[in-house]
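Single-letter residue listing:
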Amino acid sequence: MKRIAAPLLTAAIAGALAFSAQAETYPGVPALEELGSASPALADYTETLVLGEVWKRADLSPRDRSIATIAALVARNQTGELRFQVNFALDNGVKPSEISEIITHLAFYAGWGNATSAAAVLSEVFKERSIGEDQLPPADAELLPLDEATENARANRVDEVYGGIADGVLKYTTEALFRDLWLRPALAPRDRSLVTVSALIATGKIEQVSFHLGKAMDNGLTKPEASELLTHLAFYAGWPNIFSTLPVAEKVFEAKASQ
Amino acid sequence: MKRIAAPLLTAAIAGALAFSAQAETYPGVPALEELGSASPALADYTETLVLGEVWKRADLSPRDRSIATIAALVARNQTGELRFQVNFALDNGVKPSEISEIITHLAFYAGWGNATSAAAVLSEVFKERSIGEDQLPPADAELLPLDEATENARANRVDEVYGGIADGVLKYTTEALFRDLWLRPALAPRDRSLVTVSALIATGKIEQVSFHLGKAMDNGLTKPEASELLTHLAFYAGWPNIFSTLPVAEKVFEAKASQ
Amino acid sequence: MKRIAAPLLTAAIAGALAFSAQAETYPGVPALEELGSASPALADYTETLVLGEVWKRADLSPRDRSIATIAALVARNQTGELRFQVNFALDNGVKPSEISEIITHLAFYAGWGNATSAAAVLSEVFKERSIGEDQLPPADAELLPLDEATENARANRVDEVYGGIADGVLKYTTEALFRDLWLRPALAPRDRSLVTVSALIATGKIEQVSFHLGKAMDNGLTKPEASELLTHLAFYAGWPNIFSTLPVAEKVFEAKASQ
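Criteria and thresholds
- Residues numbered from 1 in each chain as written.
- Chains lettered and ligands numbered in written order.
- Predicted model: local features only at pLDDT ≥ 70, side-chain atom pairs only at ≥ 80, totals over all residues.
- Heavy atoms only, no water.
- Helix = DSSP H or I, 4+ residues; strand = E, 2+ residues; numbered from the N terminus.
- Rg over C-alpha atoms; globule rule 2.2 N^0.38 Å.
- Buried < 20%, exposed > 50% of the residue type's maximum accessible area, 1.4 Å probe, protein only.
- Contact = heavy atoms within 4.5 Å.
- Least-squares fit on C-alpha atoms with pLDDT ≥ 70 in both.
- Buried area = accessible area lost by both parts, 1.4 Å probe.
- Salt bridge = Lys/Arg side-chain N within 4 Å of Asp/Glu carboxyl O.
- Nonpolar A, V, L, I, M, F, W, Y, C, P; charged D, E, K, R; others polar.
- Polar contact = N/O pair within 3.5 Å; in protein donor to acceptor, adjacent residues only side chain to side chain.
- Axes fitted to C-alpha atoms, helices over the stretch in contact; angles between N-to-C directions.
- Parallel < 35°, antiparallel > 145°, perpendicular 65-115°, else oblique.
- Left-handed = near helix turned anticlockwise from the far one by under 90°.
- Phe/Tyr/Trp six-rings, centres within 6.5 Å; stacked < 30°, edge-to-face > 60°.
- Lys NZ or Arg CZ within 6 Å of the ring centre and 35° of its normal.
- pLDDT = per-residue confidence, 0-100.

1. Some remarks on the overall build of chain A
Logical step 1: Counting its secondary structure elements, chain A contains 13 helices and 0 strands.
Logical step 2: Helices (α) and strands (β) of chain A occur, in sequence order from the N terminus, as α-α-α-α-α-α-α-α-α-α-α-α-α.
Logical step 3: The C-alpha radius of gyration computed for chain A amounts to 19 Å, which stays within 12% of the reference 18 Å derived for 259 residues, consistent with globular compactness.
Logical step 4: The buried share of chain A, taken over its 259 residues, is 63%.
Logical step 5: For chain A, the share of sequence-separated contacts (at least 6 apart) that also reach a separation of at least 24 residues comes to 74%.

Have a look at this one:
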């Protein structure tokens, strides 16, 4: 590792310099220097390897990396790092309405408490940046059109397999998820899939990755993007979660290649 | 989604209105309005879907839902949402002694750090509500009678399978768990099972659900209750943990039906 | 359970009395008394069972227990309990440089957000104890010698199995992990393995334990130490994670015994 000769460079500036040429730190986000007072090596890896190299790799845009990172952090309830990443995401071109909708989506896919903790962080950052409720997706929104045939097939398949065990689960899977949440227009289906897959990988729900990674690719996530997503998430979800995902991803990639 | 025309309605009031007609918010718990400043949709889902509909469904009492929710949050170390839910649980009829004992139980089933973080939240709420140590289960309590035959059979079975790998684990499983913790009278065995199962599902320890869901039903949790528990936890543990639980629950339900 | 007749005994003092005869509490760490205001039983189990008995058991030194506990807490993002355990670790003989390096190691094995949250806690404790950056491992360090044959074999094996799925993952596994991080001298390979295995068990990444527990034993962790590690982690990672680990540990122990 080589240290960049810029002792006052903060994590936020490092990110901003790298991606949006903004030279301001983010309020309430500890500087890279403070990381260095606990671990100079961690500060250096953050600056040179993660922000300075990984985030700039081809095949996945900084915007998509921000979406995946926020999903991972919210799913893992990591509100500390989230404050930096929400600011960074806004600078990387993720819209306030999209971040808001990511939190809403993850209430269902990562748990209500994760979403409410994340909302508290989001609320503060939005205030600091004067982002008002008029920029956020309304509760009532005109939904995207539904592919009835596909959705009915999904519902029937799940009912055949799981009917009678917990019918409330199946009811809300249909009513709240696939006929409501997934059709809300504030987040494109491809991005909603990116959020879902990132959350699953980040929390080690490997047995659910197969369905949602396939769906993500149906929704437009390319194989190079999915592949690079695994590389990116290695840093934010930890290596073990990625190595557990590799064999599942392999099968999904093979299935899609032979379609 | 339809917004209820009550802009000052808070999460706590929404809950209180729905379940105990109490019209006060809880100290330190952010209002539903604040949720709305990050995501109007999340605030609306919380109010109309989760508090306004799910919590009122039949087959599982608000008291049992509160026990399951607290168990899920403690197991996931979600101290933010926990503050609301502890207040809400007290209003739903869960006794202070029971909440205290849930935390103690989860020290063993979810990890010591989860219990100590939760205890800090609990301690504050108890102070705010003037709940003194005289209302809490003492460290030394007369234990419930033990079914020696069943416990010996369990210990022998585990010893046959796992003897010699980590004998300290087996020693404390017997001494600290099944001959002490599980016999403490502050939480009925059925409720202790409800806590354990909820914690396992909420943390994705699916491979341990089979034993404990079976035990929960032996301890008096009915099939409709167990089924509705999965529906409830979908919202607090996230959909993926529930879909991973469904096949395990199915086998337990079948086994119990044929007994 | 028997309460020790010392109502002013704090968690920190209990630990200090037990292990280093130091009679001071740690700044910012709630006293055992406060635990008792939420759960007298939890305070008592902490004092008499965990600190008073488990930490003193043979086969694993207090220093190793501190390393394992810190790894478990960082991997689970439990910054509350971490503050006590970092202080306790320093009193148990873990060097500041080692704790710093554990955090760096876990950035890769548990996720970047876990490491940055932990670094914030570490930074405060280091300030309180006047531990300066001169006592911490530098970003640039002369690396331990690499066993090229073993590392090439590992890289080739992984490439055969996983090549083409996410080549960035394999690239950084080689470049950042096995040819850099694992060779940093601030943490002995045996301790690095202890950290990795503890983190895997604590987060339920059971499918990755086999490789790393085997590697830990190759790096010098004895079978009695590994066995006692499971007993220790039962308390910090929760019983379910340990019971899921037992069958995997059994196979690793058998394989090592027949080598």
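Having seen the structure, we can now continue with the description.
2. Regarding the relation of the copies chain C and chain B
Logical step 1: Its rotation angle being 120°, the transformation that places chain C on chain B also includes 0.0 Å of axial translation and leaves an RMSD of 0.0 Å. Viewed as a symmetry operation, the transformation between the two copies matches a three-fold axis.
Logical step 2: By residue overlap, the copies meet through two different surfaces: only 2% of the interface positions of chain C are interface positions in chain B.

3. Looking at the interface of chain C and chain B
Logical step 1: Contacts between chain C and chain B engage 46 residues on the former and 46 residues on the latter.
Logical step 2: Taking both sides of the interface into account, the surface hidden between chain C and chain B amounts to around 3,700 Å²; carbon and sulfur atoms contribute 60%.
Logical step 3: When the buried surface of chain C facing chain B is broken down by residue, C:Y45, C:W239 and C:F243 rank first, second and third, together holding 17% of it.
Logical step 4: Linking chain C to chain B there are 0 salt bridges.
Logical step 5: Those elements giving two or more residues to the side of chain C that touches chain B turn out to be α2 (32–38), α3 (40–51), α12 (223–237) and α13 (239–257) of chain C.
Logical step 6: Across the side of chain C that touches chain B, the residue classes break down as 24 nonpolar, 12 polar and 10 charged.

4. Overview of helix α11 (residues 209–218) of chain C
Residues and elements named next belong to chain C.
Logical step 1: Here α11 has its buried residues at V209, H212, L213, G214, A216 and M217.
Logical step 2: Buried residues along α11 sit against α6 (96–110), α10 (189–202), α12 and α13.
Logical step 3: Phi turns positive, to about 115°, at G220, one or two residues after α11.

5. Topic: the interface of chain C and chain A
Logical step 1: Facing 46 residues of chain C, the contacting portion of chain A comprises 46 residues.
Logical step 2: Regarding the contact of chain C and chain A, the summed buried area is about 3,700 Å², with carbon and sulfur atoms giving 60% of it.
Logical step 3: When the buried area of chain C at its contact with chain A is split by residue, C:W112, C:I165 and C:Y172 rank highest and sum to 21% of it.
Logical step 4: Linking chain C with chain A are 0 salt bridges, by the criterion used here.
Logical step 5: At the junction of chain C with chain A, the criterion picks out 19 residue pairs in polar contact (both at pLDDT 80 or more).
Logical step 6: When contributions to the side of chain C that touches chain A are tallied by element, the ones reaching two or more residues are α6, α7 (112–128), α8 (148–162) and α9 (167–178) of chain C.

6. Remarks on the relation of the copies chain C and chain A
Comparison of the two chain copies shows a relationship of rotation about an axis with a shift along it.
Logical step 1: Once chain C has been moved 0.0 Å along the axis and rotated by 120°, it coincides with chain A to within an RMSD of 0.0 Å.
Logical step 2: Residue by residue, only 2% of the interface of chain C is reproduced at the interface of chain A, so the copies engage with different surfaces.

7. Some details on the packing of helix α4 (residues 62–75) of chain B against helix α6 (residues 96–110) of chain B
All names here are of chain B.
Logical step 1: Across the interface, α4 lies against α6 with an axial gap of 10 Å and an inter-helix angle of 40°. In terms of orientation, α4 and α6 fall into the oblique class. Judged by the sense of rotation from one axis to the other, the crossing of α4 with α6 is right-handed. Of α6, the residues touching α4 (which contributes R63, I67, I70, A71, V74 and A75) are E98, I99, I102, I103, L106 and A110.
Logical step 2: The residue makeup of the contact of α4 with α6, split by class, is 10 nonpolar, no polar and 2 charged.

8. A look at the packing of aromatic side chains
Logical step 1: Under the defined criterion, the tally for this structure stands at 42 aromatic pairs over all chains.
Logical step 2: With a centroid separation of 6.3 Å and an interplanar angle of 85°, the aromatic rings of C:W55 and C:Y236 are classed as edge-to-face. Taken together, the residues C:W55 in the loop between α3 and α4 (62–75) and C:Y236 in helix α12 connect sequence positions 181 residues apart.
Logical step 3: Given the relative accessible area of 1%, C:W55 is considered buried.
Logical step 4: In this structure an aromatic cluster arises from ring pairing among A:Y45, A:F235, A:W239, C:F108, C:W112 and C:Y172.
Logical step 5: Sitting above the plane of the A:Y172 ring, A:K171 keeps its charged end 5.3 Å from the centroid.
Logical step 6: A cation sits over an aromatic face here: A:K215 above A:W182, 4.3 Å from the ring centre.

9. Description of the pattern of salt bridges
Residues and elements named next belong to chain A.
Logical step 1: Within this structure, the stated rule accounts for 54 salt bridges over all chains.
Logical step 2: Between R63 and D191 there is a salt bridge, with the nearest N and O atoms lying 2.6 Å from each other. On the criterion of sequence distance, the pair formed by R63 in helix α4 (residues 62–75) and D191 in helix α10 (residues 189–202) is long-range, its members being 128 residues apart.
Logical step 3: According to the relative accessible area criterion, D191 is buried, its value standing at 5%.
Logical step 4: Connected through shared salt-bridge partners, R63, D64, E98, R190, D191 and E225 make up one network.

10. With respect to the side chain of A:R190
Logical step 1: With respect to the helices and strands, A:R190 occurs in helix α10.
Logical step 2: Once residues lying within four places of it in the same chain are set aside, the contact partners of A:R190 are A:R63, A:D64, A:N219, A:G220, A:L221 and A:E225.

11. Brief notes about the environment of C:A89
Residue and element names in this part refer to chain C.
Logical step 1: With respect to the helices and strands, the residue A89 is situated in helix α5 (residues 79–91).
Logical step 2: A C-alpha to C-alpha distance of 36 Å links A89 and G168, two positions 79 residues apart in sequence.
Logical step 3: Once residues lying within four places of it in the same chain are set aside, the contact partners of A89 are S66, I70, V94 and I99.

12. Details of the packing of helix α11 (residues 209–218) of chain B against helix α13 (residues 239–257) of chain B
A pair of packed helices can be characterised by two numbers: the angle between their axes and the separation between those axes.
Residue and element names in this part refer to chain B.
Logical step 1: Packing of α11 against α13 brings their axes to within 10 Å, and their N-to-C directions diverge by 40°. The angle between α11 and α13 places the two elements in the oblique class. Here α11 runs over α13; the crossing is right-handed. In this structure, α11 uses V209, S210, L213, G214, M217 and D218 to contact α13, whose residues at the interface are T245, V248, A249, V252, F253 and K256.
Logical step 2: Residue classes in the contact of α11 with α13 are distributed as 7 nonpolar, 3 polar and 2 charged.

13. Side note on helix α11 (residues 209–218) of chain A
Each full turn of the α-helix corresponds to 3.6 residues, which orients residues three or four apart in the same direction.
All names here are of chain A.
Logical step 1: The element α11 is largely enclosed, with a buried count of 7 among its 10 residues.
Logical step 2: Of all the positions in α11, only V209, H212, L213, G214, K215, A216 and M217 are classed as buried.
Logical step 3: In this structure, the buried residues of α11 make contact with α6 (96–110), α9 (167–178), α10, α12 (223–237) and α13 (239–257).

14. Structural notes on the confidence of the model for chain A
Residues and elements named next belong to chain A.
Logical step 1: Residues at a pLDDT of 70 or more form 90% of chain A, whose mean pLDDT is 91.
Logical step 2: Across residues 1–10 the pLDDT falls below 50, and counting only partners more than four positions away or on other chains, this stretch makes 26 contacts in the model.
Logical step 3: For the stretch residues 16–24, pLDDT sits under 50, and the model shows 20 contacts to residues farther than four places along the chain or on other chains.
Logical step 4: Both scores are given for the predicted complex: the pTM is 0.93, the ipTM 0.91.

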